[in-house]
Amino acid sequence: MSSAVIVTEGLTKRYGSTLAVDHLDLQVERGEVFGLLGPNGAGKTTTVLMLLGLSEPSEGRATVLGLDPTRQALEVKRRVGYLPDSVGFYERLSGRQNLAFVARLNGVPGDEAERRIGELLELVGLSEPADEPTGTYSRGMLQRLGIADALVKDPEILVLDEPTIAIDPQGVGEILQLIRDLRDGRGVTVLLSSHLLYQVQEVCDRVAIFVAGRLVSHGTVEELSRRLVGNRQTFEVGVRGDPEVAAREIRATPGVETVVRERGLLVVAAEDDVRPQILARLQAAELQAVHLRQRGSELDEIYRRYFERSHGDVG
């Protein structure tokens, strides 16, 4: 039995002659953090709006928790929490009062609402300023309150559209950790839309790359990398000691194809991931590796290559 909670088949959205989302086939599994990655205008927000029943597809279909968002929009909204890219609150009301208002709108009984709001304020780190007017909150605090707002109705899925826009680095770290806690501690499925590559790589279990309305690839970061380069691997190695001796030892490692010097590093091409074998040979030769990184495994590099490829035949 499938564990997918979001499924799209040929999902398409046109605005006049503009194709915003182009025949999207996608599955999001229960309990994962799934990233929709792409630049502004790539079709991420349009996809989210169709999943929430806020925009009707031109073609294709989607199901969210087995429901059709077009025909069962109210039920989808009841079971899915949504944080848009620009969240607003009543500035004269406190954080707690804003959440209480949302709880009433969602039919959460008074005692249960009070208990749930207290838990959520603690979860998002806002217990201390909970009774201060939200007009005094920073952007990061408002985003965390927005996540609490989306969780008031105890949803099974949380959809976050650019949740870290215009937030300082500390605030970004807090929100990313909160997303991890929701997945690991509460089993919430999180759909995260963002154009910020390193943040997506930090927190997402799987990623879908969008370019100009098209899904060009999806999977784990490792899977995306392997689709581009196959099993062949490239590594950077920095060594404390004689680089010529280090290069000779690395070349003698089974599976290594070439070793070249580049800006103080040794760049190694190999048939597979031979990093453990390289480290063992260097240690046996009494050489210390001070840097060892796989090239092509960072999401920004993967995205750049998919973006370049998409201007040809993506397939």
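Here's a quick rundown of the structure. The model shown is predicted, which means the values in this text are computed figures rather than measured ones.

## Examining unusual backbone geometry
Right, so step 1: With a phi close to 50°, His23 is a non-glycine residue in the positive phi region.
Right, so step 2: Within the secondary structure layout, His23 lies in strand β2 (residues 18-29).

## Thoughts on the packing of aromatic side chains
Right, so step 1: Counted by the stated rule, this structure contains one aromatic pair.
Right, so step 2: A centroid spacing of 5.6 Å and a plane angle of 85° characterise the contact between Tyr90 and Phe101, whose relative ring orientation is edge-to-face. Residue Tyr90 is found in the loop between β5 (80-83) and α3 (95-105), and its partner Phe101 is found in helix α3; the two are separated by eleven residues along the sequence.
Right, so step 3: Using a relative accessible area of 48% as the deciding quantity, one classes Tyr90 as partly exposed.

## Re the sheet that holds strand β1 (residues 4-15)
Right, so step 1: Taken in spatial order, the three strands line up as β2-β1-β4 in an open sheet, and their pairing is antiparallel. Two strands close off the open sheet at either side, each with one partner strand: β2 and β4 (59-64). Averaged over all adjacent pairs, the angle separating strand axes in this sheet is 15°, with direction ignored.
Right, so step 2: With five bridges joining them, β1 and β4 adopt antiparallel strand pairing. Bridge pairing in β4 links Glu9 to Arg61.
Right, so step 3: Packing against the sheet, helix α1 (residues 44-51) makes contact with β1, β2 and β4, and its axis sits at approximately 115° to β1.

## Describing helix α4 (residues 110-123)
Right, so step 1: Relative to the 20 Å expected for 14 residues at 1.5 Å per residue, α4 spans 20 Å between its end C-alpha atoms, a close match to the ideal helical length.
Right, so step 2: Where α4 is buried, its residues contact α3, α5 (139-151) and α6 (169-186).

## Observations concerning the pairing of strand β9 (residues 214-219)
Right, so step 1: In terms of strand pairing, strand β8 (residues 206-211) meets β9 through five bridges, oriented antiparallel. Within β9, the residue paired with Ala208 across the bridge is His218.
Right, so step 2: Connecting β8 to the antiparallel partner β9 that follows it, the hairpin turn spans two residues, and Ala212 within it adopts a positive phi of roughly 50°.

## Some thoughts on the side chain of Thr164
Right, so step 1: Examined against the element boundaries, Thr164 turns out to sit in the loop between β6 (157-161) and α6.
Right, so step 2: Look at Thr164 and you get buried, because its relative accessible area is 4%.
Right, so step 3: The contacts of Thr164, once residues within four sequence positions are left out, are Gln143, Val172, Ile175, Leu196 and Gln199.

## Description of the side chain of Ser193
Right, so step 1: Structurally, Ser193 can be placed in strand β7 (residues 189-194).
Right, so step 2: Here the side chain of Ser193 touches Asp161 through a polar contact of 3.3 Å, side chain to side chain.
Right, so step 3: If sequence neighbours within four positions are ignored, Ser193 has contacts with Leu36, Lys44, Leu160, Asp161, Glu162 and Pro163.

## Focus: the layout of surface pockets
Right, so step 1: Roughly 300 Å³ of internal volume is contained in the largest pocket.
Right, so step 2: For the largest pocket, the lining is made up of 18 residues, of which Tyr82, Gly88, Phe89, Val102 and Asp149 are closest to its centre.
Right, so step 3: In terms of residues, the lining of the largest pocket owes the most to one element, α3, which gives four residues.
Right, so step 4: Residues belonging to the lining of the largest pocket are distributed by class as follows: ten nonpolar, six polar and two charged.
Right, so step 5: In this structure, the second largest pocket is lined by 13 residues; those nearest its centre are Asn40, Lys44, Thr45, Asp85 and Glu162.

## Let's talk about the nonpolar core
Right, so step 1: Ile147, Leu158, Leu160, Ile179 and Ile209 are the most contacted members of the largest nonpolar core, which has 47 residues in total.
Right, so step 2: It is α5 that contributes the most residues to this core, seven residues altogether.
Right, so step 3: Residue contacts for Leu160: discarding those within four places in its chain leaves Leu83, Ile147, Ile179, Val190, Leu191, Leu192 and Ser193.

## Details of the packing of α4 against α6
Right, so step 1: The contact between α4 and α6 brings their axes to 11 Å, and the two run at 130°. Considered as vectors, α4 and α6 are oriented oblique to each other. Contacts between α4 and α6 involve Glu119, Leu120 and Leu123 from the former and Leu178, Leu182 and Arg186 from the latter.
Right, so step 2: When its residues are assigned to classes, the contact of α4 with α6 shows four nonpolar, no polar and two charged.

## Quick word on the pattern of salt bridges
Right, so step 1: In this structure the tally under the stated criterion is 20 salt bridges.
Right, so step 2: Note that Arg71 and Asp68 form a salt bridge whose closest N and O atoms lie 2.7 Å from each other.
Right, so step 3: A salt bridge links Glu156 to Arg79, with the shortest nitrogen-to-oxygen separation between them at 2.8 Å. Of this pair, Glu156 sits in the loop between α5 and β6 while Arg79 sits in helix α2 (residues 73-79), and the two are 77 residues apart along the sequence.
Right, so step 4: Relative accessible area serves as the criterion here: at 27%, Glu156 is assigned to the partly exposed category.

Cut-offs applied
Residues numbered from 1 in each chain as written. Predicted model: local features only at pLDDT ≥ 70, side-chain atom pairs only at ≥ 80, totals over all residues. Heavy atoms only, no water. Helix = DSSP H or I, 4+ residues; strand = E, 2+ residues; numbered from the N terminus. Phe/Tyr/Trp six-rings, centres within 6.5 Å; stacked < 30°, edge-to-face > 60°. Buried < 20%, exposed > 50% of the residue type's maximum accessible area, 1.4 Å probe, protein only. Pairing = 2+ DSSP bridges. Axes fitted to C-alpha atoms, helices over the stretch in contact; angles between N-to-C directions. Contact = heavy atoms within 4.5 Å. Expected span 1.5 Å × (residues − 1). Polar contact = N/O pair within 3.5 Å; in protein donor to acceptor, adjacent residues only side chain to side chain. 1 Å grid on protein atoms, 1.4 Å probe; cavity = no way out; pocket = protein on both sides within 12 Å on 5 of 7 lines; lining within 4 Å. Points joined across faces, edges and corners; volume = space filled by probe spheres on them. Nonpolar A, V, L, I, M, F, W, Y, C, P; charged D, E, K, R; others polar. Core = buried A, V, L, I, M, F, W, Y, C linked by side-chain atoms within 4.5 Å. Parallel < 35°, antiparallel > 145°, perpendicular 65-115°, else oblique. Salt bridge = Lys/Arg side-chain N within 4 Å of Asp/Glu carboxyl O.

Geometry only, nothing functional implied.
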